[in-house]
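A closer look at the structure
The primary structure of each chain is shown beneath.
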Amino acid sequence: MAELVFKELIAECGVSDRFSVDSCATSGYEVGNPVYPPALKTLRTHGVSGSHTARMITPDDLAKSDYVLVMDEDNLRAVTRLAQEGERGKISKLCSFTARPRDVADPWYTGDFEKAFADIKDGCAAFLDYILKKD
C-alpha cells in the first residue's frame, strides 16, 4: 500500500522524476502475489491506482537505497539485521516522520485496512515533506 500511496503523492506534487520507489517484504508469505485484495480495494476507494507483485528485500536493495522505510518495529528489526553497519542509518519507520510517531496499524491481524491506509498516507505525506524541505 505504501509504495502506491507514495507514488500517487509524488505524482500529484510533480516530483516523480526525483524518486525511485519500490517495496519489499521481510517475510516470504506473500512473495509472488499481487496486492492483497482488501488492501487493493481500500486503495481504489481512495483513488490510488497501480499494481505490485510482492518480493523479498535483499541486501542489494539496502545498498542501492537512500531511504528504507518500514511499517513497524518487527520490520525494523528484520531489515536492520539484514543491513551492513553503514546502512542502518537509512532505515526508519514510516510514521517516524509524522507529528505522532508510531507503527503503521497492521491490517493483516486487525482487518482494518482503512486504519492502515490512514497511517500510511500520513507517513508518506510527512516523509515527502521531510524530503522536499531537505532540498
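The structure under discussion appears in the preceding block.
What you see is a predicted model, and the numbers here were worked out from it, not measured in a lab.

A word on the side chain of Glu 87. Mapped onto the elements, Glu 87 comes out in the loop between α4 (73-82) and β2 (91-93). Among buried Asp, Glu, Lys and Arg side chains, Glu 87 stands out as unpaired, with Lys 90 the closest opposite charge at 4.7 Å.

Our focus in this paragraph is the nonpolar core. Grouped together as the largest cluster of nonpolar side chains are 25 residues, with contacts concentrated most on Val 5, Phe 6, Leu 43, Ile 120 and Cys 124. When contributions to this core are tallied by element, the ones reaching two or more residues are α1 (2-12), α2 (37-45) and α6 (113-134). Considering every element that reaches this core, the biggest residue donor is α6, with nine residues. Non-local contacts of Val 5, meaning those with residues more than four positions away in its chain, are made with Leu 43, Val 48, Phe 117, Ile 120, Lys 121 and Cys 124. Counting eight residues, the second largest nonpolar core, distinct from the first, contains Ile 57, Leu 62, Leu 76 and Ala 83.

Attention now goes to α4. Of the positions making up α4, those classed as buried are Asn 75, Leu 76, Ala 78 and Val 79. Each buried residue of α4 lies within a common arc of 170° when the element is viewed along its axis, so the set occupies one face. Looking at the buried residues of α4, the elements they touch are α3 (59-64), β1 (68-70) and β2. N-cap assignment for α4: the residue whose side-chain oxygen lies 3.2 Å from the backbone N of Asp 74 is Asp 72.

Turning our eyes to something else, we now look at the packing of aromatic side chains. Describing an aromatic ring pair means giving the distance of the ring centres and the angle of the ring planes. Evaluation of the coordinates by the stated rule reveals nine aromatic pairs. Where Phe 6 meets Phe 19, the ring centres are 5.4 Å apart and the plane angle is 80°; that geometry is what we call edge-to-face. Of the two residues, Phe 6 is situated in helix α1 and Phe 19 in the loop between α1 and α2; the sequence distance between them amounts to 13 residues. Note on Phe 97 and Tyr 130: the rings are 4.9 Å apart at their centroids and 50° apart in plane angle, and the pair reads as tilted. Remark: Tyr 130 occurs in helix α6 and Phe 97 occurs in the loop between β2 and α5 (107-110); sequence separation between them is 33 residues.

What counts and what doesn't
- Residues numbered from 1 in each chain as written.
- Predicted model: local features only at pLDDT ≥ 70, side-chain atom pairs only at ≥ 80, totals over all residues.
- Heavy atoms only, no water.
- Helix = DSSP H or I, 4+ residues; strand = E, 2+ residues; numbered from the N terminus.
- Buried < 20%, exposed > 50% of the residue type's maximum accessible area, 1.4 Å probe, protein only.
- Lys, Arg positive; Asp, Glu negative; His and termini not counted.
- Salt bridge = Lys/Arg side-chain N within 4 Å of Asp/Glu carboxyl O.
- Core = buried A, V, L, I, M, F, W, Y, C linked by side-chain atoms within 4.5 Å.
- Contact = heavy atoms within 4.5 Å.
- Arc of directions from axis to C-beta.
- Polar contact = N/O pair within 3.5 Å; in protein donor to acceptor, adjacent residues only side chain to side chain.
- Phe/Tyr/Trp six-rings, centres within 6.5 Å; stacked < 30°, edge-to-face > 60°.

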